[in-house]
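Chains, contacts and geometry: an overview
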Amino acid sequence: MSQTTTDSPVRRQRAQLKVRTLRTDRWWLAPALTFVALASFIVYGFWAIFDSSYFVEPYVAPFSSPCLATSCPEGARFLGFAPFGDWFTLPPGILILGLPAGFRLTCYYYRKSYYRSFWLSPPACAVSEPHKKYSGETRFPLIIQNIHRYFFYGAIVIGAVLSYDAVIAFRNHEGEWGHMGLGTLILVVNAVLIVLYTLSCHSCRHITAGRLNHFSRHPLRYKAWTWVSKLNAKHQQLAWVSMFSVMIADLYVRLVAKGVITDLQFF
Amino acid sequence: MTYKAKFRVWRGEGGEGRLEDFTVEVNEGEVVLDIIHRLQATQAPDLAVRWNCKAGKCGSCSVEINGKPRLGCMTRMSTFAEDEVITVTPMRTFPVIKDLVTDVSFNYEKALQIPSFTPPKDVKPGEYRMKQIDVERSQEFRKCIECFMCNNVCHVIRDHDENKPKFAGPRFLMRIAELDMHPYDVADRKDLAQEEHGLGYCNITKCCTEVCPEHIKITDNALIPMKERVVDRKYDPLVWLGSKIFKRSSSKTG
Amino acid sequence: MDIERQQFDVVVIGAGGAGLRAAIEARQQGKKTAILCKSLFGKAHTVMAEGGAAAAMGNVNSADNWKVHFRDTMRGGKFLNNWRMAELHAKESPDRVWELEAWGALFDRTADGKISQRNFGGHEYPRLAHVGDRTGLELIRTLQQRVVALQQEDAERTGDPEAYIKVFAEFTVTRLLKDGDAIAGAFGYWRENGTFVVFEAPAVVLATGGIGKSYVVTSNSWEYTGDGHALALLAGAKLINMEFIQFHPTGMVWPPSVRGILVTESVRGDGGVLRNSEGRRFMFDYIPEVFKDKYATTEEEGDRWYTDQANNRRPPELLPRDEVARAINSEVKAGRGSPQGGVFLDVSTRLPAAEIVKRLPSMHHQFKELADVDITKEPMQVGPTCHYIMGGVEVDADTGAAAVPGLFAAGEVSGGMHGSNRLGGNSLSDLLVFGRRAGAGAAAYIDGLAVRPAVSEESVVTAHEEAVAPLQRTGENPYELHQELQRSMNELVGIIRNSKEVSEALGMIEKLRARAKNVGAAGTRIYNPGWHLALDLRNMLLVSECVARAAIIREESRGGHTRDDFPVMSPEWRRKLLVCSASSDGSEVNVEEQAQPSMRDDLIVLFDRDELKKYLTEEELADFDAVAKEAS
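Keep in mind that what you see is a predicted model, and the values were worked out from it rather than measured.

**Quick look at the overall build of chain A**
A count of helical and extended segments in chain A gives eight helices and two strands. Across chain A, helices and strands are ordered from the amino to the carboxyl terminus as α-β-β-α-α-α-α-α-α-α. Over its C-alpha atoms chain A spans a radius of gyration of 23 Å, topping by over 25% the 18 Å that the globule rule assigns to 267 residues. Taken over the C-alpha atoms alone, chain A extends approximately 85 × 50 × 40 Å along its principal axes. Looking at chain A residue by residue over its 267 residues, the buried ones come to 39%.

**So, the overall build of chain B**
Tallying secondary structure elements over chain B gives ten helices and seven strands in all. With the principal axes as the frame, chain B shows a C-alpha extent of 70 × 40 × 30 Å. The buried share of chain B, reckoned over its 254 residues, is 63%.

**Regarding the nonpolar core**
In this structure, Leu173(B) and Val205(C) are the most contacted members of the largest nonpolar core, which totals 337 residues. Considering every element that reaches this core, the biggest residue donor is helix H15 (residues 529-553) of chain C, with 15 residues. Leaving out residues up to four positions away in the same chain, Leu173(B) has contacts with Ala168(B), Ala193(B), His197(B), Leu199(B), Cys202(B), Ala222(B), Leu223(B) and Met226(B).

**Examining the packing of helix H5 (residues 182-199) of chain A against helix H8 (residues 235-258) of chain A**
Residue and element names in this part refer to chain A. Their axes nearest at 9 Å, the elements H5 and H8 cross at an angle of 150 degrees. With respect to their mutual orientation, H5 and H8 come out roughly antiparallel. The two elements H5 and H8 meet at a crossing, and its hand is left-handed. Where H5 abuts H8, its residues Gly183, Ile186, Leu187, Val189, Asn190, Leu193, Ile194, Leu196 and Tyr197 lie against Leu238, Ala239, Val241, Ser242, Ser245, Val246, Ile248, Ala249, Tyr252, Val253 and Val256. Taken together, the residues of the contact of H5 with H8 sort by class into 16 nonpolar, four polar and no charged.

**A short note on the sheet that holds strand S21 (residues 589-595) of chain C**
Residue and element names in this part refer to chain C. Taken in spatial order, the five strands of this open sheet run S19-S17-S12-S20-S21, and their pairing is mixed. Every interior strand has two partners, whereas the edge strands, strand S19 (414-415) and S21, have only one. Summarising the sheet, strand S17 (residues 392-394) and S19 pair through two bridges and their orientation is parallel. When the sheet's bridge partners are listed, Val393 is paired in S19 with Ser414.

**Quick look at the UniProt feature "transmembrane region" (unreviewed entry) in chain A**
Following the UniProt record, one finds the feature "transmembrane region" (unreviewed entry) at residues 27-50, 87-110, 150-171, 177-199 and 238-257 of chain A. Helix and strand shares over residues 87-110 of chain A are 67% and 0% respectively, and the end C-alpha atoms of the span are 35 Å apart.

**Some words on the confidence of the model for chain B**
Interpreting fine coordinate detail is not advised for predicted regions of low pLDDT. All names here are of chain B. Per-residue confidence for chain B gives a mean pLDDT of 93; residues scoring 70 or more make up 95%. Scored below 50 in pLDDT, residues 248-254 makes eleven contacts in the model with residues more than four places away or belonging to other chains. Per the prediction output, this complex has pTM 0.93; the corresponding ipTM is 0.94.

**Overview of unusual backbone geometry**
Residues and elements named next belong to chain A. In the segment running from Ser65 into Pro66, the intervening peptide bond is cis, with an omega of 0 degrees. Position of Pro66 among the secondary structure elements: in the loop between strand S2 (59-60) and helix H2 (93-105). Omega for the bond connecting Phe140 with Pro141 falls within 30 degrees of zero, at 5 degrees, which places this linkage in the cis form. Tracing the sequence through the fold places Pro141 in the loop between helix H3 (108-117) and helix H4 (148-168). Unusually for a residue other than glycine, Leu79 sits at a positive phi of about 55 degrees. Inspection of the secondary structure assignment puts Leu79 in the loop between S2 and H2. By C-beta crowding, Leu79 is classed as exposed, having 8 other C-beta atoms within 10 Å.

**Some details on the sheet that holds strand S3 (residues 33-36) of chain C**
Residues and elements named next belong to chain C. Read from one edge to the other, the open sheet built from five strands follows the order S7-S3-S2-S11-S18, with strand pairing classed as parallel. Strands at the two margins of the open sheet, each flanked by one partner only, are strand S7 (165-168) and strand S18 (407-409). Adjacent strand axes in the sheet meet at a mean angle of 20 degrees, parallel and antiparallel pairs treated alike. Of the strand pairs in this sheet, S3 and S7 are connected by four bridges, and their pairing is parallel. Paired with Ile35 across the strands is Val167, a residue of S7.

**Regarding helix H3 (residues 83-102) of chain C**
Since the α-helix advances by 3.6 residues per turn, residues separated by three or four positions end up pointing in the same direction. Residue and element names in this part refer to chain C. With 20 residues, H3 extends 29 Å from end C-alpha to end C-alpha; this agrees with the ideal 28 Å at 1.5 Å per step. Roughly 45 degrees is the biggest bend found in H3, and it falls at Glu92, with proline Pro94 one to four residues downstream. A positive backbone phi angle near 115 degrees is found at Gly104, which sits one or two residues after H3.

**Quick word on the environment of Ala550(C)**
Turning to its location among the elements, Ala550(C) is positioned in helix H15. Excluding residues within four positions of it along the chain, Ala550(C) makes contact with Met242(C), Glu243(C), Leu578(C), Cys580(C) and Val591(C).

Analysis parameters
- Residues numbered from 1 in each chain as written.
- Chains lettered and ligands numbered in written order.
- Predicted model: local features only at pLDDT ≥ 70, side-chain atom pairs only at ≥ 80, totals over all residues.
- Helix = DSSP H or I, 4+ residues; strand = E, 2+ residues; numbered from the N terminus.
- Rg over C-alpha atoms; globule rule 2.2 N^0.38 Å.
- Buried ≥ 20, exposed ≤ 12 C-beta atoms within 10 Å, placed from the backbone.
- Core = buried A, V, L, I, M, F, W, Y, C linked by C-beta atoms within 7 Å.
- Contact = placed C-beta atoms within 7 Å.
- Axes fitted to C-alpha atoms, helices over the stretch in contact; angles between N-to-C directions.
- Parallel < 35°, antiparallel > 145°, perpendicular 65-115°, else oblique.
- Left-handed = near helix turned anticlockwise from the far one by under 90°.
- Nonpolar A, V, L, I, M, F, W, Y, C, P; charged D, E, K, R; others polar.
- Pairing = 2+ DSSP bridges.
- UniProt positions renumbered as here; feature names shortened; annotations may be inferred.
- pLDDT = per-residue confidence, 0-100.
- Expected span 1.5 Å × (residues − 1).
- Bend = angle between axes of the 7 residues up to and from the residue.

In structure tokens:
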């Protein structure tokens, strides 16, 4: 379609507004808060990975779970396994760090939040970004974002491990079942939030039935899809609360392990 | 309830111009477009603004109000303080014809590049049978009133004019998703979305969804699902390997 | 004088449903076609249609068929309809709707996967194919995308997508050009830069919609300035039924800036009820004699109908639009209106909130955003709004051809199909059925031409002078004149009319016409709305005069024409059409009577004698008895 066939008398160009944005609201607030929150998570994560007090019977700190090296204390090992031998001398959290980190790094929601707050691309809607060139996720390295789905599969495993950790937290220091402390509650809440965050993932939504064109021919998958879709609408909220819950749970276990605080025993 | 509001409106032809100040009467219940019309009728008869239905159904009166893409007819004056200066400018991503009217032909050129609905050859009109749940996703996208504010706000072209040839914008990537999810469409649109229309440029920062006056979840329901469908095709190593080995035709799943 | 030249076979003026369907047809028949739209492509007023497209597909109730639809249409139009058009419309609309589906439209579905159909005022069965309450948008988008699909085909074949169908967006036509008696082209300007264009084309299809912008309270957008009506008049064609204007019963009444914007009839179709300030469902008091046996007389029966339509009669909220509009008007006049001068339309107490949002999403959205009213919690305030003109260019039912060779018309700009009152949902199907027929008619006309008519230089010069004139004057502000015209028409030739007020209106129009000669527009030709309005004024004044002159002559009340000095429907008047014509400079407007042809025998026998006797003269009834006897 053409709006004209002859050239207009004046040159065709955008409105020559020389300002970055005409927004009058505090558009910078949201990216600033996001930046602070994400940055503190990263800082905490670094500290936690290298912190060695990740285990106190019956709790394993989520950042270091599953613990897969022989350097892990007996009770902290996942199902008693230690596939990595004595040769692995680094903190065992490093072994599994990649999965949850990769999952969150390639998550569609986190991508939005750090593209906006870290890379300012764009910092907020209708606010110019500072970069001269932009190629988005069309080339290396950002094209790798497309592997989000595989991290999702991995994240399912992590979710299962954290659930397992929450279950074994229903024991006391002597390993007897039927007990519960504040740590147990925190681990259970965290496991639920992590699992919900994982299931609310866009890739999960796609895999359940999003890829289909005829829902009506796959009623069970459609049902799963509607359920995941409802969760997916809350993906952003789940991303934040599960991020904080994992940080709180992790810190709690470490503080108990260090003896800074004592775990409150319910029964 | 009547008061005098301070307006700053972009005036000028072909992109050259300036913000002009007006003081204008505002009555209860009015929207920004009413005020622009009052300016036309009382102070600036040649002030150009594009509009049509005045009920948020046609998507003609897209402008930027205090820097945010909005429909002039759906922005109530009561959302502003009485002493607030209200700045009205044309959409920034498209060339200006005059005042608030922009040349949106970019969008029509893109529309022409998206292959149309392609039903199977053997289905005749009247024979279509589709379940409600199978059409609902595409129906959401067909609520689009083509106000083009999503394409206007998208930084991929708003901040980088040079990306225009490679990027169809949220509106038309959503159109591809709409057709790809259509129960009767047999064309393959995944490679096209990625290679021709720049789906990979989208970094899902969701401004399109934020500005959509129809509240279509463009990013979550169209762009990300389309990205996932592209992943099925192009970035899933198992699928890739399978297609190499079995030379699978590009038929749709489901 | 810099004037662009364009050559086409068919020029379609207007890019709403009728225009696009006509253009698609002309192109499919191999004609080089131009679509001229006043707005951007895809923004036409058709997007405002909410309820649906009436087509007797029988998907929801299998008892439906074209005969029932035909009867409903004739009944709705109070038997003044062009019966051939009503027949074609009822027979062909299912095919036209199915065709849309094959072009990508996604209608709401029934449980067995067919197109779902909803109830609407005046339709005996659920008949409206719909998509929520945004059916018009679906229709325009589908046709727009069909045009794009054809352009893609042409690009593949010829390398040029615009080789056979080209859209001229934001373009206004000011004159049709003729060669002798026949159409030779059209003259107009790009709104964006004021450049003039002469289209040389042997066939022109008018699809410009209605005239609502001559009224203050209207559901119509700025484009609806009666362009096609006026262009046809000036080219020597005739307009019929111009006195019949539909006031939609439910337009928004508050806030003032959105006054008139439509509240879809589906609100009532889905259970919404009308109440006055006393809380009474007043429609039960307004069931006219001719509809007594078809509508519920108690609230209980009316409410049962929503779930059991076979054994109950429909609630009177679903009477044809003219009846409901008049009833609301009377309630407000009697002092039983809502605070802002309407009545209450309530769906909040009738359906669960989630159901309302699902079934009426754009109404929910519209009230929330524009009036700050949550329709799931509180009633809406509504009142009549100028919505549709039944009258228009007199055309041949089968081909859409007007009296001027080469001129065709379809959609709202054509007259006859809807008689004195249009049923909701019959407009979208009308656009499709007669849009296609007009496109085909134009193609056939061209095939039969021995020589192509030529545009004379003289006519171009005249058209050019007329178009630039307002820019060269420093006269009155066109906005002021426009507002005066709107007020006069609204107050004096509105929903209820009488001889005194209408003659007053004619006096006003006379004065406005004199003043319009001096209207000036400041600024340049580049996107200058003041200039555009100054040019549109000519059309609005011409058409308003036709409306007023016809309204004063028709001394009865029927459908969209209510005279409080002649409150009853007269069988004698049913046999007469009023025909409006004008001199080529528009200085003289005439309205004359013309006989309405009798219905074909096989069509009239579709009706009961009991019903017909409410409408027909004794003489016609005697003829009917003879036909009925022969048939039995």
